[in-house]
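Chains, contacts and geometry: an overview
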Amino acid sequence: MEFCNRRELTNQTGHDASEWPLVILKELVDNALDECEEAGIAPVIDIEVDGNKIIIADSGRGIPAKTIASVLDYSIRVSSREAYVSPSRGQQGNALKTVLPMAYVLDERHGEDASGETVIEAHGLAHHIKFSVDHIRQEPQIGHTTEPSPVVRGTRITVNLPTTLVWEGGYYDVDTIKYCKLRFLELAESYTWLNPHLSLRVTWNGEVKIDAMASNPTWSKWLPSWPTSAHWYDRSRFRRYMAAHIAHRGGITVREFISEFDGMSATAKQKMVLAETGASHVSLHDYFGRHKANGDNIAKLLAALRRHSKPVKPAQLGIIGKAHFHRMVEAAGGDPKTFTYERRFGDTDGVPRMVEFAFAVHRDGLTAADRTPSAKIITGVNWSPGINNPFRQLGRDGESFDALLTKVRANASRPVIAVLHVAQARVTYTDRGKSAIVVEGEPDNGKE
C-alpha cells in the first residue's frame, strides 16, 4: 500500500503530485534510453501529450511480457537492481511500479471507486493495466487484460491521468498535465543536451514542439549491463549486493558471483581470489552466512576483488563532449564567441567521476534590447536531466550550483546558457526520490 496513497508515493518519487507528469516523463524516457542502448540501437523516442494522456514510444527491443508481469507484483518493493552500483540513469529499477498507481492516486476524489489505467504495447500485444485498491484487504488490485496491438517494434506506454489536481483543503479542476507544460517541454528538451545519440520528437495536442535529430548516433557510454567494479562498493553496499544475489539467484557460488565483476572474467584471477578467501567450491550463501552476515568474510572478499582488478578510469564512463555542447548552444541561440567548455576527471576512493560544464551568453543578450532571453540552465546526472536542480550541495559542506551562478551574475534572470553534467559510478543521493545528490572530491589534472 506504500505505492497507493499520495504521501507515500510522494516519498517514493521525491516529488509532489503536481509534478507527477514530470516524473512519468523522466522515468519512462530513462527506461527507453537504457533499453535502446542495451540493444545497440541509436535511441529514437516519440513523446506525445494528447489531452490527459502521456504517450512515450521508443525504438528498442520491446518490453517482454514477463517483465510486465513482474512489475505488477507489488509484494516486491525493491528490484534486484537497487543494490547494483553502476553509472546508470536510474538505480532502484522501480520506475513502472511508481508510474502505474499515479492515475489512481490522482483520482482520489472518487474515493473507493478511484482507478487509473496504463497501456503498455510491445511485441504485438497491448497490456491494459487497471490499478485500484482492495480496501478490505488493504492491497493493490490490478486488472490486467491484453489485446492485439500494431506495435511490434519497441515499446509504447500510454498513461491516462485524471484532469483534477488535489490540493490540501479541496479539489480543483486543473488540467494535471497542462499545469506543468513549460517544465515538461524543458525537461524533454534537456535529454537532447545530455544524450548525443538521441533523436527526440515531442508533440503536444497535435502540435510538434520538439523535433531534434541525434548529433552523433554512434555515441556510446558505460551500459548498466556491463560488469560492476569492486572499487565502486564500500563494505555496506557490497554486503547488500551479495544479499541481493542470494535472494534472487539461490544457489549461486562465490566463483560465479565474482566472475561478474569488471576485470574478473579470467579463470586465473578467480582462482587467486578464491584461494585468498578460502571460498573455493563454496556457495555464496554459506560464505555470506546462513543466519547472520559474516562481516569478516565480506570484507575479505571485497579487499581481494579490489587487489586483483583495476579501477575504472573516469573517461570510460562516457564523455558527452565539446562538439555536442557547442552544437546545442548554437541551436539554442548562444553566441559562439562566448562559448566555453570545461571537463574534469577525478575519483573518490576508487569511484570515478567526470564533470562537464558548458557556458555561453545568448546572442540576444549581447544587444541593447530592452527584453533579453532568460537563462537556460540544464543540469543532469549520468545522462539524465533533473526535474529540479540536483546540485543543491557541491561537496559535503558546499554551496548549491544555483548559488554559484548567482555569485557570478549568471542567475535565472540573465541571458546565459549553462549546462552542468556529472557522470559518476556511485551517486550519493540526499533523498529517497533521487532528486538531489552530493558531489564530493577534488578533480585531478585531467583538465581539457
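This is a predicted model, so every value here is computed, not measured. (Residues numbered from 1 in each chain as written. Predicted model: local features only at pLDDT ≥ 70, side-chain atom pairs only at ≥ 80, totals over all residues. Heavy atoms only, no water.)

Ordered by their spatial adjacency, 8 strands build an open sheet running E5-E4-E3-E6-E2-E1-E9-E10, and the pairing between neighbours is mixed. On the outer flanks of this sheet lie strand E5 (139–148) and strand E10 (207–212), each paired with one strand and no other. Pairwise comparison of adjacent strand axes, ignoring direction, gives a mean angle of 15° for this sheet. Pairing of strand E4 (residues 125–134) with E5, which is carried by 10 bridges, proceeds in the antiparallel orientation. (Pairing = 2+ DSSP bridges. Helix = DSSP H or I, 4+ residues; strand = E, 2+ residues; numbered from the N terminus. Axes fitted to C-alpha atoms, helices over the stretch in contact; angles between N-to-C directions.)

Moving on: the packing of aromatic side chains. Taken as a whole and assessed by the stated rule, the structure comprises 15 aromatic pairs. Taking the centre distance of 5.8 Å and the plane angle of 50° together, the rings of Tyr241 and Phe257 count as tilted. On the criterion of sequence distance, the pair formed by Tyr241 in helix H7 (residues 235–249) and Phe257 in helix H8 (residues 254–258) is long-range, its members being 16 residues apart. Comparing Tyr241 with Phe257 shows no difference in burial state: the two are buried. Summarising the aromatic geometry, the rings of Tyr241 and Phe261 are spaced 5.8 Å apart at their centres and angled 90° between planes, so their arrangement reads as edge-to-face. Of this pair, Tyr241 sits in helix H7 while Phe261 sits in the loop between H8 and helix H9 (267–277), and the two are 20 residues apart along the sequence. For the pair formed by Tyr241 and Phe261, the shared burial category is buried. (Phe/Tyr/Trp six-rings, centres within 6.5 Å; stacked < 30°, edge-to-face > 60°. Buried < 20%, exposed > 50% of the residue type's maximum accessible area, 1.4 Å probe, protein only.)

For the rest of this paragraph, the subject is the sheet that holds strand E13 (residues 376–381). Spatially, E11-E12-E16-E13-E14 is the arrangement adopted by the 5 strands of the open sheet, whose pairing is mixed. Each of the sheet's edge strands pairs with one partner strand only, and the pair in question is strand E11 (340–348) and strand E14 (384–385). Direction of pairing for strand E12 (residues 351–361) relative to strand E16 (residues 416–424): antiparallel, over a ladder of 9 bridges. In the sheet register, Ala360 faces E16, and the bridge partner there is Ile417.

Another point: the nonpolar core. Counting 53 residues, the largest nonpolar core has Ile45 and Ile47 as its most contacted members. Looking at which element gives the most residues to this core, the answer is helix H2 (residues 20–38), with 9 residues. Excluding residues that lie within four positions of it along the chain, Ile45 makes contacts with Val29, Ala32, Leu33, Ile56, Ala57, Asp58, Leu198, Ser199, Leu200 and Arg201. The next biggest cluster of nonpolar side chains, apart from the first, holds 32 residues, and it includes Ala230, Tyr241, Leu301 and Leu302. (Core = buried A, V, L, I, M, F, W, Y, C linked by side-chain atoms within 4.5 Å. Contact = heavy atoms within 4.5 Å.)

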